[in-house]
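# Topology and contacts: notes
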Amino acid sequence: MQFVKFGIVGLSNTVISYVIYVVALLALQKHRWLPKTDYLVAQLIAFSISVLWSFYWNRKFVFHADNEEIPWPQALLKTYISYAFTGLFLNSILSVLWVQCLHIPKIAAPIFNLLLSVPINFVLNKFWAFRKR
């Protein structure tokens with residue numbers, strides 16, 4: 001059941017992250033800022049905001065960790081680290097592969113990344129970020 005709840009939170013997080021990514025990408029392209037890395041900068045902006053959303057709902061709804069067993073600053077730090085691994089490191093590498101090697105449109109690259117990042121994020125959150133002492 002946790003994975004289903006994680007999927008619901010993840011779906012909302014994905015929508016928020018993707019909307020932020022598209023808005024940031026279009027703004028960067030409109031002003032011609034960082035034309036070669038605009039999609040990576042947009043990904044960083046979307047990541048930074050969407051992890052806060054995900055942390056809040058995973059803590060309250062999925063892992064029920066809003067008690068003293070798991071201090072929220074520690075869980076937030078672990079959440080950022082977990083998502084940094086998949087959301088920044090892995091997704092950046094995959095995005096470069098999709099965009100530069102396979103010529104997939106920049107606007108579609110994040111969708112392909114989900115196939116790998118969602119299961120990895122669940123495992124990292126369940127067994128590390130929100131693990132009870």
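This text follows the structure it describes.
What comes next is a walk through the structure. Being a predicted model, the structure only gives us computed values, none of them experimental.

## Quick word on the overall build of the protein
- What the protein contains, in helices and strands, is four helices and zero strands.
- Along the protein, helices (α) and strands (β) appear in the sequence α-α-α-α when read from the amino end.
- A principal-axis box enclosing the C-alpha atoms of the protein has dimensions of 45 × 25 × 20 Å.
- For the protein, contacts bridging at least 24 residues in sequence account for 75% of all contacts bridging at least 6.
- Counting every atom, the protein has about 7800 Å² of accessible surface; 75% of that belongs to carbon and sulfur.
- The centroid of the 12 positive side-chain charges in the protein is displaced by 9 Å from the centroid of its 4 negative side-chain charges.

## Brief notes about unusual backbone geometry
- For Arg32, which is not glycine, the phi dihedral falls at a positive 55 degrees.
- If you check the backbone angles, His103 has positive phi at about 55 degrees while not being a glycine.
- Note on placement: His103 falls in the loop between helix H3 (72–101) and helix H4 (109–129).
- Looking at His103, the relative accessible area reads 64%, which means it is exposed.

## Regarding the pattern of salt bridges
- All told, the structure shown has one salt bridge when counted by the stated rule.
- Salt-bridge contacts for Lys106 lead to Asp38; the nearest nitrogen and oxygen are separated by 2.9 Å. One end of the pair, Lys106, is in the loop between H3 and H4; the other, Asp38, is in helix H2 (residues 38–62), with 68 residues separating them in the sequence.

## As for H4
- Taken as a whole, H4 carries its principal kink of about 45 degrees at Leu115; the proline Pro119 stands between one and four residues after it.
- At its buried positions, H4 is contacted by helix H1 (2–30), H2 and H3.

## Topic: the packing of H1 against H4
- Axis separation between H1 and H4 bottoms out at 11 Å; the angle between their running directions is 135 degrees. On the basis of the axis angle, H1 is oblique to H4. H4 is crossed by H1, and the crossing has right-handed handedness. Contact residues: Gln2, Phe3, Phe6, Thr14, Tyr18 and Tyr21 in H1; Pro110, Ile111, Leu114, Val118, Asn121, Phe122, Asn125 and Lys126 in H4.

## Describing the side chain of Ser117
- Tracing the backbone shows Ser117 in helix H4.
- For Ser117, a relative accessible area of 5% puts it in the buried group.
- Excluding residues within four positions of it along the chain, Ser117 makes contact with Thr86 and Asn91.

## Remarks on the side chain of Asn91
- Along the chain, Asn91 falls in helix H3.
- The residues touching Asn91, leaving out its near neighbours within four places in the chain, are Gln43, Thr86, Asn113 and Ser117.

## Observations concerning the nonpolar core
- The biggest cluster of nonpolar side chains holds 16 residues, and the ones touching the most others in it are Tyr21, Leu25, Tyr39, Ala42 and Trp98.
- For this core, the elements supplying multiple residues, two or more each, are H1, H2 and H3.
- In terms of residues, this core owes the most to one element, H1, which gives six residues.
- Leave out the neighbours within four places in its chain, and Tyr39 touches Tyr21, Leu25, Ser95, Val96, Val99, Gln100 and Lys106.

Scoring rules and cut-offs
Residues numbered from 1 in each chain as written. Predicted model: local features only at pLDDT ≥ 70, side-chain atom pairs only at ≥ 80, totals over all residues. Heavy atoms only, no water. Helix = DSSP H or I, 4+ residues; strand = E, 2+ residues; numbered from the N terminus. Contact = heavy atoms within 4.5 Å. Areas by Shrake-Rupley, 256 points an atom, 1.4 Å probe, with all protein chains shown as cover. Lys, Arg positive; Asp, Glu negative; His and termini not counted. Charge placed at Lys NZ, Arg CZ, Asp CG, Glu CD. Buried < 20%, exposed > 50% of the residue type's maximum accessible area, 1.4 Å probe, protein only. Salt bridge = Lys/Arg side-chain N within 4 Å of Asp/Glu carboxyl O. Bend = angle between axes of the 7 residues up to and from the residue. Axes fitted to C-alpha atoms, helices over the stretch in contact; angles between N-to-C directions. Parallel < 35°, antiparallel > 145°, perpendicular 65-115°, else oblique. Left-handed = near helix turned anticlockwise from the far one by under 90°. Core = buried A, V, L, I, M, F, W, Y, C linked by side-chain atoms within 4.5 Å.

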